[in-house]
Every structure is written in C-alpha cells, then in structure tokens.
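Report on the structure
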Amino acid sequence: MVLNNIENLLVKYENAETTLQEEAQLKAYFASDNVAPHLEHYRSLFQYFANTQNESYTKDVPLKTNRRSMYQWISVAAVTILMLGIMIPKVFGPTEQDIKDQELALATYNKTMEAFNLVSLGMNKGKDQLKTLALVSESIEDGRASASRLNEFNKATNKIFKN
Amino acid sequence: MFLIPELVEGSTNQKVMTQADFVSLVMPFKDKVFRLAKRLLVSREEAEDATQEILLKLWNNKQKISDYKNVEAFSMTMTKNFCLDRLKSKQAQNLKIVHSNYQEKGSSLQTQLEARDSVDWVSRIIEDLPEQQKIIIQLRDVEQYEFAEISKMLDMNETAIRVALSRARKTLREKLTNTHSYGIK
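The shown structure was predicted, so the numbers you read here are calculated from the model rather than taken from an experiment.

What counts, and where the lines are drawn
Residues numbered from 1 in each chain as written. Chains lettered and ligands numbered in written order. Predicted model: local features only at pLDDT ≥ 70, side-chain atom pairs only at ≥ 80, totals over all residues. Heavy atoms only, no water. Contact = heavy atoms within 4.5 Å. Buried area = accessible area lost by both parts, 1.4 Å probe. Salt bridge = Lys/Arg side-chain N within 4 Å of Asp/Glu carboxyl O. Helix = DSSP H or I, 4+ residues; strand = E, 2+ residues; numbered from the N terminus. Nonpolar A, V, L, I, M, F, W, Y, C, P; charged D, E, K, R; others polar. Expected span 1.5 Å × (residues − 1). Buried < 20%, exposed > 50% of the residue type's maximum accessible area, 1.4 Å probe, protein only. UniProt positions renumbered as here; feature names shortened; annotations may be inferred. Axes fitted to C-alpha atoms, helices over the stretch in contact; angles between N-to-C directions. Left-handed = near helix turned anticlockwise from the far one by under 90°. Lys, Arg positive; Asp, Glu negative; His and termini not counted. Polar contact = N/O pair within 3.5 Å; in protein donor to acceptor, adjacent residues only side chain to side chain. Phe/Tyr/Trp six-rings, centres within 6.5 Å; stacked < 30°, edge-to-face > 60°. Lys NZ or Arg CZ within 6 Å of the ring centre and 35° of its normal.

Between chain B and chain A, the residue contacts involve 47 residues of the former and 37 residues of the latter. Counting the surface lost from both chain B and chain A, the interface buries some 3,900 Å², and carbon and sulfur atoms represent 58% of this. In this assembly, chain B and chain A are joined by six salt bridges. Across the salt bridge formed by lysine 38 of chain B and glutamate 55 of chain A, the nearest N and O atoms sit 2.7 Å from each other. When contributions to the side of chain B that touches chain A are tallied by element, the ones reaching two or more residues are helix H1 (3–13), helix H2 (19–41), helix H3 (44–60), helix H7 (118–128), helix H8 (131–142) and helix H10 (158–184) of chain B. Ranked by residue count, the leading element in the side of chain B that touches chain A is H10 of chain B, at 10 residues. Here the residues of the side of chain B that touches chain A sort into 20 nonpolar, 11 polar and 16 charged.

Before going further, it helps to spend a moment on helix H2 (residues 20–31) of chain A. Across its 12 residues, H2 of chain A extends 16 Å between first and last C-alpha, which sits within 8% of the 16 Å expected from 1.5 Å per residue. Among all positions of H2 of chain A, only Leu20, Glu22, Glu23, Leu26, Lys27, Tyr29 and Phe30 of chain A are buried.

Turning our attention to the UniProt feature "transmembrane region" (unreviewed entry) in chain A. Using the residue numbers shown here, the UniProt feature "transmembrane region" (unreviewed entry) corresponds to residues 70–92 of chain A. Along residues 70–92 of chain A one finds 100% helix and 0% strand; the C-alpha atoms at either end are 31 Å apart.

We now examine the packing of helix H1 (residues 2–14) of chain A against helix H3 (residues 40–52) of chain A. Residue and element names in this part refer to chain A. One can describe the packing of H1 onto H3 by two numbers: an axis separation of 14 Å at closest approach and a directional angle of 65°. Between H1 and H3 the crossing geometry is left-handed. Touching Leu10, Tyr13 and Glu14 of H1 are Tyr42, Leu45, Phe46 and Phe49, all from H3. When its residues are assigned to classes, the contact of H1 with H3 shows six nonpolar, no polar and one charged.

We now examine unusual backbone geometry. Residue and element names in this part refer to chain A. The backbone phi angle of alanine 16 is positive, close to 60°, even though this residue is not glycine. Structurally, alanine 16 can be placed in the loop between H1 and H2. Accessibility expressed as a relative area gives 0% for alanine 16, which makes it buried.

Relative to the elements of secondary structure, arginine 39 of chain B occurs in helix H2. With no salt bridge to any partner, buried arginine 39 of chain B finds its closest opposite charge in glutamate 127 of chain B, at an N-O distance of 6.5 Å. Within the structure, the side chain of arginine 39 of chain B is placed 2.9 Å from the side chain of tyrosine 48 of chain A, a separation counted as a polar contact. Among the polar contacts listed, one links the side chain of arginine 39 of chain B to the side chain of glutamine 138 of chain B, at a separation of 2.7 Å. The residues touching arginine 39 of chain B, leaving out its near neighbours within four places in the chain, are Tyr48 and Thr52 of chain A together with Ile126, Lys134, Gln138 and Val142 of chain B.

Let us look at the packing of aromatic side chains. Scanning all chains against the criterion turns up nine aromatic pairs over all chains. Ring geometry for tyrosine 29 of chain A versus phenylalanine 30 of chain A: centroids 5.0 Å apart, planes at 80°, classification edge-to-face. An identical accessibility class is assigned to tyrosine 29 of chain A and phenylalanine 30 of chain A; each is buried. Each member of the aromatic cluster is reached from another via a ring pair, and the members are Tyr13, Tyr29, Phe30, Tyr42, Phe46, Tyr48 and Phe49 of chain A. In this arrangement the basic side chain of lysine 62 of chain B is found over the ring face of tryptophan 59 of chain B, its NZ or CZ atom lying 4.4 Å from the centre.

This is the structure we're talking about:
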C-alpha cells in the first residue's frame, strides 16, 4: 500500500502537481532505508535535495553605513588634532628668537657669576690683609706692654737715683 | 570614539535600520540567496561573492527595504537577475572555442566516470538543465517555496512554472535512470 502510494506520488511529482507536504512525504520515504529496488534511482535525487538544503553562507559581509564612516572620519580627525596639539609645540615650540634669548640669558648669567667670583676673590684677599692687620695690632699691644714695663723700670731707676 | 554609540542610537529613533536589525532581517534567507547563486554560478567562491554583493545592495537600500512587502522574495528575484547578468557577461568574455557536439561527448564521458558518486552526479545533471529550470528546481525542490511565491519571484504564471518544473523533473529522472542502469552494468 505504502509503495503504491509512493508510486502515485512520484507520478504526480513528475507532473509538478504535488503539494509541499506530499513532496516532504517523498523525501521522508527516500531518506529511509527501505526504498523499493526499482525506485532506487530516485534516492540520490531526494538525498541531494535534502543535503543541499543545509548548505549555508558563512562569509561575513562588511556592512558599512555612510553615517558610521562619517563618524569614523570625525574620530580620525579628532585624534589627528590631538596628535598635532602635542607635536606642534614640541617640534616648532622654541622659536629661534627664544633660543637666542635663552643663550643670551645664560651668557649674562655666566658673566655675572664671573664678576661675583672676582669680587669675592678680592674680598678674600682683603680678609687676609685684615688678618695681618690684626697681627700688627697684636704686636703693637705687645710693644705697649713692654713699653709699660720700661716705665716701671724707669720708676725703679729713678728711685734708685733718689736714694 | 565614545560618541559613536550615542549618535547611532539617536539615528535609530529616526527609524533608520541598524546593522543588528538588518542582520536579523536577512538571516532567514541569506543561505537561500547563496544556494540559488551557487546553483547558477556553480563555483562556491563566485556564489559567495554574489551573495555578498546582494546583501550589500540590500544594505545600501535599507531605507527602501521596509517598503517592500516581501524582502525575501525581492532578494531572491534580485539574486536570480544578478546571477543571470553575471553569466551573460561571462559568456560574452569567454568565446566558445569548443564545439557544442564536442562538449556533449565530454559530458557523457563524465557520466561514466562519476556515475558512482550519484549524489554528486545529481548536481551535475541539474547543471545541464536550462537556467530557468535550474532556478525553478532550486526554489521548489530545495527551498520548498509555494508555487505562488515562485511565481512572484520569477514574474511568471503558475502554470508556466509547473510546466517547466515538470520538464526538469522528468529530465532528471531519465538521466538518473540511465546512470543507474549504467552503474549496474
């Protein structure tokens, strides 16, 4: 009975009169193991249909919106501006005038320091001279002390002379 | 960079299709597009290229998509036209040096060589069908569309479709019967 039904369906199938349900029935029959030998050649046909049905498209499609690409350009522009903001002062920042001014300032500083050094050298010399002055005053003091002793001596001699 | 999501969100409010919307719209039938393209263009790479092209075309026309009643049927029609155009320009490029009689001999040689792999053989028989029959076999027997849908996709009346389908199925059965009996010999 089943076979008879299948054969009828196959005739309808070839005349393109089967419905989708009937075609599904045929597919199910030929997917099973008990296919009648004289219908064997249909098997590969329905198997093929069933197999290809599972084939799928796996590649990615690069979907891009115009808007989105515009946003991307905006972000690129923002990054560029940021980079330029960092780079420009570094590359072009100190102008030649600035460099000259800096050099001049350094030279002035050096000269001033030199002058100060000279002054301080003189000061040190003066300090040394002051030391000798102190020595002199010390010896004068000594002299005065010995002079006072001389006075004592004179007094003593005068007493002797009186006596 | 962090501005992007905000701006895109803003645009969805204005009823513009986002990538996710598009993918979920296209998902159910992208494989069908691919399989139809492969049926017509045969090579997998070419079919992939064609599918990509068609999806991109849909994406670029996404504002109009919502106006179509049936995006799937529209896409299948587009695929059919696109692939037929491709085939035409290919035929124009490759001048046929080989005589057609010679080609037939070649295919009967193939018959004997590849009769064993009968499932693979089916795809070769379908390849030999006229393009319109190929398309109809693909849409009906593989993708299981109703005749009404196919008639919309191909802009043909249902009777013409049934006639073409019947012819294609008979040709397939005849060739398969031949192959099968060769196989037994």
